[in-house]
Amino acid sequence: MQDYTLIGKRVPRTDSLAKAIGSAKYVGDIVLPRMLYGKILRSPHPHAKILNIDTSKAEALPGVRAVVTGKDSSGLPYGVSSTKLDQYFLCSDGVTRFVGDEVAAVAAEDEDIADEALNLIDVEYEVLPAVFDPLKAMEEGAPQIHDSAQRNIGARAFTHSGNVDEGFKHSDYVYEDRFTCDRISHVQMEPYGALASYDSTGKLDMWIPSSCFFIKRTALSYLLKIPLKNVRLNECYIGGHFGGRTDTQAAEFCAALLSIKAGRPVRITYSREETMAAAKQKISSVIDLKMGAKKDGTLVAENARLIMDGGAFGSSWIFQIWVPYWYSEARYYIPNHKYEALRIYTNKTSCSMQRYHGDQLLYAEEHMLDKIAKDLGINPVEIRLKNARKAGDVLHSKSKITSFALSETIEKAAAASGWKEKRGKLPKGHGIGLACGVGAAGFYMGFRMNATAIIKFNEDGSATLFTGVVDVGAGNHSMMAQVAAEELGILMSDIALVCSNPELCPPAPGAYSMFAAFTSAEAVRRAAVDARQQITRIAAAMLDVEPSSLELKDRRVYVRANPERWIPLATVIRRAYRVGNGIVGRGSCTPAAMSEAGWADPLREKPEGQLMATYTDGTTVAEVEVDEETGKVKVNNMWLAWDCGKAINPMAVEGQWEGATVTALGETLLEKHEWDEKTGELVTASFLDYKIPTALDTPNITPIIVETIDPEGPYGAKEAGLNASTGVRGAIANAIYDAIGVQIKENPITPEVILKALAEKSEIKRVKTGQ
Amino acid sequence: MDKISYRHLPRFDHLESKTIEEACSLLSEYKGRAKVIAGGTDLLPAMRNQEVTPAYIINVRSIPNLDYIHYTDAEGLKIGALATLYDIESSPIIREKFAMVADAASKIGTPQVRNMGTIGGNLCNAAPSADTAPPLIGLEAKAKINGPNGERVIALEEFFIGPGENALQADEILTEIQIPNPPPHTRGVYLKLPARTMVDLAVVGVAVVVTLDDKERSIVDAKIVLGAVAPTPVRARQAEDIIKSKAISRELIEKAAEAAAGEAKPISDLRGSASYRKKMVNTLTKRAIRQVTALA
Amino acid sequence: MKQQIQLRVNGEVYETAVEPWKTLLQVIREDIGLTGTKENCNMGECGACTVLIDGKPINSCLTLAVEAQGKDILTIEGLGRDGELHPVQQAFIEHGAIQCGFCTPGLILSAKALLDKNPQPSEAEVRRAISGNLCRCTGYTKIIEAILAASKKEGK
């Protein structure tokens, strides 16, 4: 185990101070001279043609400086992937597709005037029939939401390895049932919005709480027809993302158009209701799952079919339909594995990436696995150890698992939770359950996977680090400083960070697809190592030793074998400018061996190749108490053992996992979006009706870091984001099963769902019983 | 949903009242176009959602000395309408002598809301789920109301007319809650089933106040008040009759709980279905009676 | 019709003209320019707008600016002055209780108000005191840890 100065240590983050004293500025805090306030007019209909928009009264209102509609846009369609461009901002294709779809936008001297102006815009709609249920949307004759999508099927994933029919024949026990998981929201605390400032020399400055500045710049350049280098996305503090802030959204599009038209900066800040209803949500799934096992607990076959409700637009459909399978195949070895996922359009808010794709399918599998274990008389821990994937496995997709420790996480989580002492021995109404989860660093994204970093130095030995990484709150910026400081032997506070801004920084994937550590931190490490090599070369000449005999530590360059001989780093920096090119460190990283195969044709069945850069894995244990009369479930304790490769900052890693666990708990027990059947309005658009956990609702959480030291990641790090909660739903459902003997096939598990399950003595259906 | 882009309040004029009389006279002058503001925790959200758009808002928090909590052995408890929910939650005398009222106040909303919201506001807002109502009704509280023609006192039970509707005339304000000293051997409890998280509106609220005999083996008098399961808080009188003047027993309690469920008339909404609420009235009534009669 | 008002914020008096429908939150952020207090739900449901008035945590989004006169208002910027952080701020930083930071100012003020009143709270009391401040990033675990740690250090 290597000993580091900073890596692996619990260090306070570099961004915490500004946040603790209230000086951190988020988009809604930024005020520019002559700034206008923008507001968006939203469609009240779930599906309608726009026949006419009359903005004249709004334009005439004193204080209104610009009004834009679809006519002002380039009319170009947008999509997260260029293979599916199905969204026209400001409904420039003349159709609104969900209640909340943006139809027009205004900019005025103050927000009150902007509000009033919205009232003065007259829109003539031709209301079209709408459909909200994905199963109904697939029926013949259902309203068609996009011309290109027959029966509203926007995307389909399909893969089949082995032969599941044979597999079920050879299984001793077979189970089959349907699970439903409802729609939820990411609920970033910062309401969405954007600030745009266009100046007439053709430069567009923007501030957007985005997870991916480089990709967003490209999208905006394309949509607004402004050259790439003139679209400047400025670094700002961001109040959460969780998968919902990668897509380009109406806020930045409208703010930009308004600013261009008004010739002044325009800031749009969404209300909380707009953020819930008109930004992005997370898909719901109807999962038909069938699993077969031998009587010794070996899994033989699985057939999963998912119907996903994706809402009005495609967004990041590729990840949404595929990642559940790619996570599932990496968890247990199931020789015959069939999977189909259909992403359906409905006239509702559209759904984007989720912080942990696939947790819905993983839950269904974990819950079914516990039923299998019960019928076979096998301990839930044992059945998982029996089937767990291992390091070195090659998956059905031909992806290889390098570092992995699922079995170890099962054992560690079970031990920490006191599983042996508690299972079967808890008082009535109490239960303990576990579930495994899988995550990964990185999807294939072509050249976008690359992260590059540059370090330059000041004459006092301090440094500035340029990296395209984005910190949406998880601590990415601090991680970069920690890595650079480690390699250069200086303090984290010696490093100034210039991040995210595509004009100033070299590229990076940003804060999504779990690549921040795996590529961005690795690029920073390489840049620091590169700088160190340049530094030691200069210093070696000054000290008359070999460069390889020198170490950097405590802002000094010293001879390893003879530490009394040293020179200040500052001296070397200055010397470098005298004798040569100065010290500028440069590092770049693209994950090796990632295969394009999966993405070359997104409609291809059974993509093969290295589809994830590397896999992470873990186990969650939950201890619950169920009140059988009221149906209320209380989660008292949770344990989470997760393999992140290497925890660069254990305190930050734990914080991520604790947050992810509580969010997943909220989604399992409390959170659910509902729409009005008649009007298509989102009924749960406020915190009153859409309830996330408060400090009174959370259990004790014990995070256990497992380190497998990945061969490729920086210091062995893989990812430590939100995949850690992929086991939470299953663990809670399985704990409820242990507590009250019934199984739950719908999420969220509200009190009424519990009472219904108790009344029906609900358990997952067994369709074949072995001898 | 029409106006989800709106973040702020609609326009209005703000008037301060320095006395009760001034408040009533302003209400009279702007009849139908004015609303009273105390803590603002119910009014301002409703205005932001454009559910109410008064042209005038009359501040009554500017009236001094209306936030008192006075107890005397003779007259019991008198609470000024502007006492905050936090004042009530933390008042030593209320915690000692009327614990269920402090408990109910402590279950409302968040700490911030309790610092701002007043008992008067909670009652005048007349939400069917108002948490302070069932315990106060169970304790036979009275409401003192001031108007341009003087003051009147009515049973709090009669203060609630319908969801969001109270017994005040357009030019009256609620100024005091009076709670008489209950007879000896009286115990009360308020049980609330919040919708999802702990800081929620009630799906069901049940207050039970019983007066026991000297030996504490039978129930001399009982009040059972249900919240959130009817247009207003309601007394479950049939349930009360079942346990009044009877010896305590498990069967009796279960019978009463069942009767209470029958007397509830809940609707189905986001927080719960009607059938679930009826079941919960049964469960909470049973638990509440057991608790106050110390029956495990 | 704008009204001339005086607000005492972080010990300093600000004079400004506001319409009656402006909330204290709007005036703090827009007129006075202190953006540490955050605007989120505007319904008193999330606590991001929490400030202390006369030492008590309240939702500034539900407080009319014209009604906040004559009171002592404390925002996050009023803590940790003269180069010294308040123990709660220090503890939040040291214990990793801050992630995206949007809920942080409100939380720190709710925590300070708790410790001022109850210097040695139990974990249950801490949870209750912050139950009106929503956080989506941290799961509250390290926030509770930080507040308990600060309470041990405070001892004033």
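Not measured: the values here are computed from a predicted model.

Rules used in this analysis
- Residues numbered from 1 in each chain as written.
- Chains lettered and ligands numbered in written order.
- Predicted model: local features only at pLDDT ≥ 70, side-chain atom pairs only at ≥ 80, totals over all residues.
- Pairing = 2+ DSSP bridges.
- Helix = DSSP H or I, 4+ residues; strand = E, 2+ residues; numbered from the N terminus.
- Axes fitted to C-alpha atoms, helices over the stretch in contact; angles between N-to-C directions.
- Contact = placed C-beta atoms within 7 Å.
- Domains from an automatic or database assignment.
- Nonpolar A, V, L, I, M, F, W, Y, C, P; charged D, E, K, R; others polar.
- Expected span 1.5 Å × (residues − 1).
- Buried ≥ 20, exposed ≤ 12 C-beta atoms within 10 Å, placed from the backbone.

### A word on the sheet that holds strand β3 (residues 50-53) of chain C
Residues and elements named next belong to chain C. Taking strand neighbours across the sheet as the criterion, the five strands line up as β2-β1-β5-β3-β4 in an open arrangement whose pairing is mixed. A strand with exactly one partner marks an edge of an open sheet, and here the two such strands are β2 (12-18) and β4 (56-59). Ignoring which end each strand starts from, the neighbouring axes of this sheet average 40 degrees apart. Across the sheet, helix α1 (residues 24-31) touches β1 (3-9) and β2, and the angle it forms with β2 is around 105 degrees.

### As for the domain arrangement of chain A
Residues and elements named next belong to chain A. Per the domain assignment, the segments making up chain A are domain 1 (16-23 + 451-589), domain 2 (31-128 + 189-240 + 246-278) and domain 3 (288-304 + 357-444 + 607-768). Contacts between domain 1 and domain 2 engage 15 residues on the former and 14 residues on the latter. Residue classes in the side of domain 1 that touches domain 2 are distributed as eight nonpolar, five polar and two charged.

### Examining helix α6 (residues 213-224) of chain A
All names here are of chain A. Between its terminal C-alpha atoms α6 stretches 16 Å, which fits the 16 Å expected from twelve residues at 1.5 Å a residue. In terms of burial, α6 is largely enclosed, as nine of its twelve residues are buried. Taken together, the buried positions of α6 are F213, F214, I215, K216, R217, A219, L220, L223 and L224. Residues of α6 that are buried sit in contact with β12 (231-233) and α7 (250-262).

### Notes on the sheet that holds strand β21 (residues 495-499) of chain A
Residue and element names in this part refer to chain A. Taken in spatial order, the four strands make up an open sheet running β21-β20-β19-β25, and their pairing is mixed. Both edges of this open sheet fall to β21 and β25 (584-589), since each of them pairs with a single strand only. Neighbouring strand axes in the sheet, compared pairwise and without regard to direction, differ in orientation by 15 degrees on average. Here strand β19 (residues 451-457) runs beside strand β20 (residues 463-467); their pairing, made up of five bridges, is antiparallel. By the bridge assignment, F457 is partnered in β20 with A463. In the packing of helix α15 (residues 516-543) onto the sheet, the strands contacted are β19, β20 and β25, and the crossing angle to β25 comes to about 145 degrees.

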